[in-house]
Each structure stands twice: as C-alpha cells, then as structure tokens.
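Structural overview
Spelled out from the first residue to the last, the chains are:
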Amino acid sequence: MAHAVEHEYTTTGLNHRKMLMWVFLGSDCLFFGSLIATYMVYRGQSLVGPYPIDIIDIPLTTVSTFVLLMSSFAMVQALSATQADNKRGIVNWLLFTAFLGAIFIGFQIYEFNAFKNEGLTLGGNLFGATFFTLTGFHGAHVTLGIIWLVAMAILGAKGRLGPDTALDVELLGLYWHFVDIVWIVIFTLLYLIGGFDAGPSVMPGG
Amino acid sequence: MATITSVIPRPTSYAGIWGWMTTVDHKRIAVLYGVTAFIFMLIAGIEAGVIRMQLASADNDLIAPGAYNQMFTMHATTMVFMVIMPLSVSFFNFVIPLAIGARDVAFPRLNALSFWIFLFGGILMHVSFVVGQVPDAGWFSYANLSEKPFSADRGLDYWAISLLVMGTSSVAGGLNFVVTIINLRAPGMSLMRMPVFVWMTLITSLLLILAFPVITVGLIELVMDRNFGTHFFVPSGGGDPVLWQHLFWVFGHPEVYILILPPMGVVSEVLPTFSRKPLFGYPFVIFSGIVIGIMGWAVWSHHMFTVGLGPVANSVFTITTMLIAVPTGVKIFNWIGTLWKGSIEFTTAMMFALGFVALFIVGGLSGVSHAVSPSDFQQQDTYYIVAHIHYVLFGGSIFGIFAGTYYWWPKITGKMLNETLGRLHFWLLFIGMNLTFFPMHFLGMNGMPRRIYTYSAEFGWEYMNQLASLGYVVLFIAFLVFIHNVFYSRNSRRVSHDPWDAPGVEWSIASPPPPYNFAEVPQILGRDHYWIVKENAEAAGTPITEPEPLVDPNSIHMPSPSYWPIFTAVGVALIGGGLLSHYALSFVGGAIAMLGAIAWSNEPTTAPSDHH
Amino acid sequence: MQSSSNSNRSTGRRSSLKNRTVLFGLAAALFLFAVGCSKDGQSTWEAFGPVAQKQLDLFNVLLWVMVATFILVEGVLLYAIVRYRRRPGDPKPPQIHGNTSLEIALTIIPTILVLALGIWSVFTLFELQDPPEGGPEPLQVTVTGHQWWFEFEYPDAGGGKKIITANEMRIPVDRPIEIALESDDVIHSFWVPKLAGKLDMVPTHVNRMWFQADSDKLNEDLPVTLYGQCAELCGLAHALMRFRVTVMDQDDFDSWVAAYGAPPTISDKAKKGQQLFAANCTLCHTIDGPDDPALSASRLTGFLTGGDITPVPAPNLTDLRTRQTLASGITDLNETSLHEWIRNPEDIKPGNYMSERAVMYQNGPASLTDEEIDSLIGYLLDLR
C-alpha cells in the first residue's frame, strides 16, 4: 500500500487493484444477497414472537442510517482531499468517516442490546436469526472498514497519502460506499417494509 | 510492520523449503496445487475402493453403515473440492500467465495465499478422521439430517467449517484470475484472440466469485444452527430444510460448470494441436461457454425435482435444463469439426482429449434424461445419477485434466511423460471407467438407490455391482501406471521448447520457463499466435528452432517472494480450527490474519533489496 | 488428400486393432443392455400402474433419442478419428476455421429437439398431477417417514374407519390412491418404482402424489406384493428402510379393514407375552388400533429431545400378524426372524432406535429368556 502509483501495463488501462475491488464487491453482493434472500423467505414464518412490529424502531434506525450516509459523504471528502494533496484534510476526513462509522456501530450495539432485552434472540425465532445474522455481518463489514480507515489515517498522518497514492483511498472509498449501499437495502427491506410485519395472530389493521 | 522484515528478512531466493513456502511464482504455485490435489485424489480413490469392495456382494459386512456413510461423503467432498477444483486451478496457475503473454498473475501474493488456505483447509477437513468425527451426511449434506440431533458429533462441523475455509481460497483465486485475464493480456491479444482455455478460465473464475458466496451463507447458517441455536433449517423452530437445498444448489449447479469448463478448455487446446488445424468454430465455442456460464444459474432446481416444488417450478427447470444441453452440444460438434479433415496424431494427450469427448457425450446424454422431470422421478437418488455424475466428472473432468497433464508436462518440466506408459494409462483408465460406471445406469433403472451400504440379493443387482467393483481394480492399476510414469520420466531426455508444434504463445519460450516467463512481452498477432509466428518465419526462410533466448533474470522486475501469504493463511485456518476446538484459537487466528494482511499491504510487491 | 484405398497400409495393424476394440465395445454394450434391464423387484422397466407407465413411456422415447444421438455423434467422432489419422508424409491439413451455416443448423436443430421433448414432458408432468376425472373414488393415505420405517395412516379406510399401520401398505386394485407424504424427523423419500416415481417426505411440508395399481398390468393373481424403498439418505439405516405395497381386490381389502383392531384371542402361552409387551414395549409401540395423537406427539418429543429410555415413534403393531415382512421390509416375518429381531435388533438393523432407547436393550441383547421371547411372539403373531 501507499507506494507510488504503479505505472504497470494493463490491457484495459484500469488499475489492477481497482478492478479487483470492483469484482470483489460483485462477489460480496451475492453474499449479502443470499442473507437477504434468507430473510425474505422467512418473513412471516416465525413460530413465536417477538415480531418485527414489536421490535423495529424506525425513527431510531433512521438516525443511524443518516449517520452512515453522512460517513459516505465524509469519505468522498477524504478522497477529494487526497487528490488535492491536502494533508490535514486527508487525515481529518478519514478520521471523521471512521468516527461516523463508529457512531453507526454504536447505534447497532445499542439496538442489538435493546432487542435482546425485549426478547429477540438468535435462537428464539426466525426473525431473530435472520435479523441478527444479516445485520451482524453488515456490522462486521463496517467494523473492518473502520479499522482500515484508521490505518489509512495513520498513513496519512505520516505523509504517505497524496495524489500519487490516491488510488488507495479510492479503493477504501469504493468499499465504504458499497457497505453503505448494502445498508440502504437492508434498511429498506428490514425496517421500512418488513418493520411492520406482525405475528400470525394479529388481524390486518390491528 | 516493516520492522518485522528486519527480524525475519524478506526471502529473496527460490532455494529450499523456505523458497517453496514463500514462493509467489505462479509456476511453482501450480506445482504445489497439482501435487497436493493428486495426493487428495489418492485418498479419495481409496475411499471409493472401500465403497466398491463393500458393494461387491449383497448383504456384505465389510464395513459398518456409519463408516460407509463417511466414505461416500468424504469421497465426493474430497473429489469435488480438493481434487478436481485444485487440479484445474493448478492449470490456471501454470498456463494462464504464459498463454496471455504475462509474467505472472495480477496478484502473486494473493495467489500464494489461495494455495496455502486450500492446503490448510483440506488438512482441516481430514483432521476429522484423526479425531474420529467424520462428516457422513453426503457431499451435499441435506438439512435436516445435517442438523442436531441427527448428526450429533462434530463431523458436519468439520465439513462446513473446512469448506468455509477453502471457499475463501477459491474466491480469492477467482478474483485473481478475472483481473489477470482481463488486465494482463499482452498487446494484440484482444478477447477474441484469447486461447479457449483462457476464456474458459475467465468464465469459471466469474462463476467462482459469484457462486461461492451463496454456499458460504448456507454453510454459515448451518454452523449457526448446529452451534449457536438458530433454526435456519431446523423444522421445530420454523426452519425449512428445503432452503438449504436451494442455497446449496444455486451454488452447486454453477459449481459443476466450474468443474467442467476448464477441462473443456484444455480439450479445446489439445484437439487443434494434434489435428494440426485451428479449433473449428472458435467464436461459437466461446459463445457457448458464456451461455453455459449464464444459463447455469437458471437450472439449479433440477437437483430438487423430487422435493415437491410443484409442477410449475418443475416445468420451468425442465425447460431451462433441456435448453442448456444445446450449447454443450455446440461444443461437441465443434470439437468433432476440429478433427474433421485434420491430420490426427495420437499422442497420449490427444487420446485423453478424445476420450473426454467420447465419454462426455455419454454423460451429457444421461443428463438430458434427468432433465425431463417425470422420468427423473424414477432416476433421482439412484445409481443412474451416480453413473451420470461419474461420466461427466471422471470421463469428463479427470480425462480433460490428464490430457492437460500430458500436454503441458514438457513445458512445466522440460521432459515428456513416457508415451507408451501414457497409452497404457489411457486404455486402463478408459476401460476401467466404463466397466465401473456403465453398469450403474442399469443398476439405477433396476431400482438401486444411491447411498446404501448394502442391498439384498433378491433384486439381482449383484452381478452389475461386481462388474463395477472389478472396474475399480482396473482404475487402481491405471493410477499406479501413471504414478510410475511420473517417476520413470524424471530421467528421460530433455525435449525442445515446442515438442508438439503447438499454437499457443506459451510454447515460444524455454521449457521449463525462466522465472520471468517472457524476456520481451510478446506482440500477439492473432489467434493461434505461435503458429502464425512459425509460419511467418518459415515463409521468410528463417524457421524457428529455438525458444526465446534467456536473459539475466536480475534485469527483469518480478514480484519478490513473501512469507505473509502463508502467515495469513495460518491465521485463516486457525479461525476455522478454533471454531472446531477452542473459540479462543479463532481469535488468535483472526489476529494473525489481520496482522498478516496489514503487514502484507505495507510490503512492496518487489523488495527494495531486489534489483529494480 | 490420399485415397481411401491406402488407408490400411502401414497403419493397417493399428486400425484393425481399433476396429476390433470398437466392435468389442459395442458388443459389450449390447450384452449389457440385454442382461442389464431386469424386471425384478424394484426395477423401473415394468409399470403396474398409469403413473409409472407414463413415466416409463417418456423414458423409453428418451432412451431411443439418446441411443440414436449416441450412435450418430460417437459414430461421426470415431469416423473422424479413423479417417483423419495422420499418416507419414501427410501435408498440413486445410486450416478450416468454421462454417457458420453448419453452426446455426447444429444449434437450431438440437434446440427444437430439446424443446419438443421438454414441452412434451411438461404436459406429462401436469397430466400426472391428479387422478383422471370420473374414475373410482380415490383412497386417501398419509405416509409419514420416520427413521427408519414407514407409517401408513388411512383416515378413512372404509366406512369411516381409521387405520394406522406400518411398513406394509395395502391398497385395493384399480383405484387411485392419493398419498400425502410427511416426515417427523429428516427428509425421506417414498418410492415404489413399479407404481410411480418417487417424491420426498420433508419435515414441515406435505407433498402429494397419487398412484394406482391396474389389474390388467399386473400379470399375476392378487394379492401381489410390490417393493418400495426410501430414496433419500436419512441416516445410519437408510439402506434398510424398505417397505411393501400389497395390491388386493377391494373385497379382500375391506375384509382386512374390518378385521383391523379386533381384540385378539390370547392363548395361555401368549398371556405371558401380553404382560411382557405391556411392561416393555408400549412406551413406543401401539397394539390396539390407531395411535392416539397425543401419545404420538409425546413419543416424537421424546425422540427429538431425549437420550436413553425415552419414547420414540415406533411402528404400530396392531396387524403385525397379517404382515409378510419385518423391520421395514428387510426380512420375511416368521417366528424365527421375529425371535432373532427381538433377541437383538442391532444385529439385523444396525443403528435402530429400539436397541438404542428401550430399557430391555440397555445391556446389548434383550434381557429376556428364550421362553419369554417365544411367548411374546405368540402374543404378537396372534394379533389381527
């Protein structure tokens, strides 16, 4: 990482590592897709509660979603600072992105704990299993991203990031934006749509 | 982390065991994959032998039912994930950079990582034998037999976790080869000038990276059910066992194309070489490979015709499966077209390629009868399916891989495998294969289900089973002949850089190739580039008799060896191993893997101490 | 291009060896076809009912298509190999790159062929969904798969009478049997090759199929016994999870229904057996009619959660005396085999739950004397 841009020959003109990141993200789509498919298949199939409507708190999660979206904005700024060779900007924006990501994770931890206290567990019902597995793996992706962001910020503080090494920041940015987009999908499906799912004994409209 | 290299210096040479452990050279990694996979093949072959000995007579009691279930589970799991796939990857590794005029793959250290993770994952799977808790629910481990309380010991955990570990290796490899093939082709090698083997590798690599995540999720959900109390596939908690089947087969069907497309690519290289004419219908062969890669995602539930999905679903998958026979047929016709009006030389490589075509036709046809769901209702889960599987995977993939072995052996080693022994190997394998697996078509139609450790004499299955078990003995001897050939040929005389007068650019350099492959990156003149080069040289009155001259390796910028790949792989393997023993070990493994990844990314591709 | 009259010159020996090999291979294949297609026991080559018949008809067409394609394509391949083999001094062959019209033809023709076969099979699929309209009233049977035996429940076997039996399914001839398939533990598969293709028994699902035995296809006098076997790996004793289907005329079937569950006449010798049964076997086995649903549920719970000495779902033994086989179709039922079974089931069916869970088998073979086992058999085989 963080050495001069390789002037190596590539058939398409695209850098190898950028191509690798794109292909990897394509692969990761299938990973999240399968977890989402499991959730969708099991919607409404939980034998016992608590059911989404008892647990899901859309207002709260809207805040954390907003925070994550803002972190993507911060990431864009970080890349921009790198390309402009703004050393302080690089470090600050990278750290700010990581900070917002950490806030998101904080919300997730709070939420997981709150749900657990309300009786939603991995083994309790299918909603618990699918919810925690899907959002858990997403959270793990965010956490890895935060570690990467901090590592990059350290490199930035040492002066090793700049227009020559903007690709490294761009790759991190691609990953971070992907993780954000996956969250948008999860938020839409599990919260905005699925969040109103009730158990079998509840009549529609009541 | 760079300070670690002052404690343990970054390796710089190829010498000794340390040289092999730290290699990032695709040619060496190919050898590592090939040897490892071959050893696993011998193990899986012994497992097959136990199966055949048990089934050789009715009401046999050579082996207990539990052990028998372990045998067929491990035989198939090993053959699919630890033999055919890594053998194909061995060829990807050796051939692809050479065939596209590159000096290595796009990510040499990632390449090494893939191998080491595969090795450790395969070992982890076999540790199950050491601890006496061996997977025994079949190679696709249907839920909910795979769940507790029905599979109470750790066998299924070994199965799932080892596959998860090996899956990361496959995805990493797939990613590497996609970037390599798209981005490292020599100037002049447009996509439609790429050798067919390169195309098939590209499609396979795309299938790898898209299919493995699906089974990864399935395996994670299974492990969570078994160990963390979830009910993804557990009926008592609302789970549906059929979801496992969907997740498995959405992966599983592209997986079988992953298993067959590379050998089809090999055959597409060998047939033209020994017919002395170009592949017939190149664009159609390529296009049919692409179509198979795409349509392979639309047929998965033909493995589930008897699960009760209903007539609408069964109809859809019947039609899609029937349609996928068409591009497969197109390839076969084009292979025959390559032979037509050619000048065929029966080297061992060619015989295996021809054997592939002949046997794959049988396997493909039995597949067509499976596609028709009403008839599949009788065939499913019987020996008819076992026959189909082995015709396409043994007669298909393994024959294709042997064709590639004999073909590229002189390029890898500078010597040829003995042709007489090779012919003997071929005929024994061909006869043995047919003797073992053709009777199984009849056994299936005569009502013998698969995965049964014994059967009653009253059904008249004994005779066919004896034939099949006799066939195994022939196959066993065939493998002994091959092993003998490998050792016998070590002292044979060196051959030229281009013993077959072949079309691929890999034949233009020395055998074995120098570390840097090409002294000068070639300018590709067309499909079958080296044939064009040789023709042009002949026409100019200066025929080519020598390979590209060697140059001082130090004058060429090559990636340096590194110990971070094997180090990181140890971490990944420990994550898996920890899940099977003490969770603390997983955290240690995670830390090691993360440390390895960070150190690796801080390490330049080429060490500053290395020249240039 | 050399004329074909030269083709047997210096390579004559090799080509005749190849010809001989090919002929041998063909002869072997024909021999296998002649010998290999048996009509015994579980073979699919013989159909005794309309469902299996339609499936076999479809397969027979496919078979001919496959054989014809095989002969055609392998024939062309072999011809090419022989005709175009290199002879010394051969020039470089014409460097043909392809033939677009041939490619298009060889894409379109197979597509039409596979679509035709595919569409025909879709029609067959839908046709086989339900018994034909206007025929006799179907008989309903619910088949539940257990590790490692088959439970047959007739909600209304005749006159509103409910019957639960195991391992031998009796059906009246010339009448559609509508089957609901379930499982209480893992996935099993219900397969009677001579009547129909298989369908899986999946926990939490109810899969439905039907079949019928036709008197004009069965070329023997009734009752005729057909073979069935579980066709989905379901654990240790999967290989030994078999069953029988006995086809009877409607009258004989009705007699069986009427006699089911009638209180037995117990000889003096069998009285001891009755006591032994009540003391050792009733935790899992029912012997006096259909299983009580609550009892079945508790046995299932015990099975799924318990360890030693917990109840498990076990075959209903009410009409054991009328059965021909033992231990889910793996051996004939007679006093000797039943004695061996009771003495040590693990010898006959390794992995079975009776040996694993019943108190009587805590120390391996049954803790009963031979006389006790004999009286138990006397009781069991007196049952109707």
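Keep in mind that this is a model prediction, so the values were computed, not measured.

Regarding the overall build of chain C
If you tally the helices and strands in chain C, you get 10 helices and 12 strands. Taking 384 residues into account, the globule formula puts the C-alpha radius of gyration at 21 Å, and chain C, at 29 Å, lies well above it. Referenced to the eigenvectors of the C-alpha coordinate spread, the extents of chain C come out at roughly 95 × 55 × 40 Å. A buried classification covers 49% of the 384 residues belonging to chain C. If you sum the accessible surface of chain C, you get close to 17,400 Å²; carbon and sulfur atoms cover 58% of it.

Considering the side chain of Glu255 of chain B
All names here are of chain B. Within the secondary structure, Glu255 is located in helix α8 (residues 241-275). There is no salt bridge for the buried Glu255, and the closest opposite charge comes from Arg450, which lies 14 Å off by N-O distance. Setting aside residues up to four positions removed in sequence, Glu255 forms contacts with Val80, Phe81, Met85 and Phe212.

Observations regarding helix α4 (residues 87-117) of chain A
Between its first and last C-alpha, α4 of chain A extends 45 Å over 31 residues, near the 45 Å set by a 1.5 Å rise per residue. Gly119 of chain A occupies a position one or two residues after α4 of chain A and carries a positive phi of about 100°.

Digging into the interface of chain A and chain B
Interface size, as often reported, equals the accessible area lost upon joining of the parts. Taken residue by residue, the interface counts 36 residues in chain A and 39 residues in chain B. When the buried surface of chain A facing chain B is broken down by residue, His16, Leu20 and Tyr42 of chain A rank first, second and third, together holding 17% of it. Counting the contacts that link chain A with chain B gives zero salt bridges. Inspection of the chain A/chain B interface yields 11 residue pairs in polar contact (both at pLDDT 80 or more). Of the residues that constitute the side of chain A that touches chain B, the class distribution is 20 nonpolar, 14 polar and two charged.

Examining the sheet that holds strand β1 (residues 139-146) of chain C
Residue and element names in this part refer to chain C. Strand order in this open sheet of five strands is β3-β2-β1-β5-β8, and the pairing throughout is mixed. Looking at the sheet topology across the chains shown, the edges are occupied by β3 (163-166) and β8 (207-211). Averaged over all adjacent pairs, the angle separating strand axes in this sheet is 25°, with direction ignored. Note: β1 against strand β2 (residues 149-154), five bridges, orientation antiparallel. Directly across from His146, in β2, lies its bridge partner Trp149. Docked against the sheet, helix α4 (residues 250-259) engages β1, β2 and β3, running at close to 100° with respect to β3.

Thoughts on the packing of aromatic side chains
The description of an aromatic ring pair rests on the distance of the ring centres and on the angle between the ring planes. Residues and elements named next belong to chain B. Per the stated rule, a full pass over the model turns up 93 aromatic pairs over all chains. Plain terms: the ring middles of Phe81 and Phe251 are 6.3 Å apart, the flat faces sit at 10° to each other, and that makes the pair stacked. Residue Phe81 is found in helix α4 (residues 65-99), and its partner Phe251 is found in helix α8; the two are separated by 170 residues along the sequence. When its relative accessible area of 7% is taken as the criterion, Phe81 is described as buried.

Focus: a negative patch on the surface
A surface patch of negative charge is lined by Asp249, Asp251, Asp252 and Asp254 of chain C. Secondary-structure assignment places Asp249 of chain C in the loop between β10 (242-248) and α4.

Here we look at the sheet that holds strand β9 (residues 224-229) of chain C
Residue and element names in this part refer to chain C. With mixed pairing, the three strands of this open sheet are ordered in space as β4-β10-β9. The sheet is open, and its two borders are formed by β4 (168-172) and β9, each paired with just one other strand. Neighbour to neighbour, the strand axes of the sheet diverge by 25° on average, direction disregarded. Where β9 lies against β10, six bridges are found, and the strand directions are antiparallel. Looking at β10, one finds that Gly228 is bridged to Phe243. Most of the contacts of α4 go to β4, to which it runs at about 130°, and overall it touches β4 and β10.

Points about the confidence of the model for chain C
For chain C, the mean per-residue pLDDT works out to 90, and 92% of the residues sit at or above 70. Predicted confidence for residues 1-12 of chain C stays below pLDDT 50, and this span has 10 contacts to residues more than four positions away or in other chains.

How each quantity is defined
- Residues numbered from 1 in each chain as written.
- Chains lettered and ligands numbered in written order.
- Predicted model: local features only at pLDDT ≥ 70, side-chain atom pairs only at ≥ 80, totals over all residues.
- Heavy atoms only, no water.
- Helix = DSSP H or I, 4+ residues; strand = E, 2+ residues; numbered from the N terminus.
- Rg over C-alpha atoms; globule rule 2.2 N^0.38 Å.
- Buried < 20%, exposed > 50% of the residue type's maximum accessible area, 1.4 Å probe, protein only.
- Areas by Shrake-Rupley, 256 points an atom, 1.4 Å probe, with all protein chains shown as cover.
- Lys, Arg positive; Asp, Glu negative; His and termini not counted.
- Salt bridge = Lys/Arg side-chain N within 4 Å of Asp/Glu carboxyl O.
- Contact = heavy atoms within 4.5 Å.
- Expected span 1.5 Å × (residues − 1).
- Buried area = accessible area lost by both parts, 1.4 Å probe.
- Polar contact = N/O pair within 3.5 Å; in protein donor to acceptor, adjacent residues only side chain to side chain.
- Nonpolar A, V, L, I, M, F, W, Y, C, P; charged D, E, K, R; others polar.
- Pairing = 2+ DSSP bridges.
- Axes fitted to C-alpha atoms, helices over the stretch in contact; angles between N-to-C directions.
- Phe/Tyr/Trp six-rings, centres within 6.5 Å; stacked < 30°, edge-to-face > 60°.
- Patch = residues over 30% accessible without salt bridge, like charges linked within 9 Å, V, L, I, M, F, W, Y side chains within 5 Å.
- Charge placed at Lys NZ, Arg CZ, Asp CG, Glu CD.
- pLDDT = per-residue confidence, 0-100.

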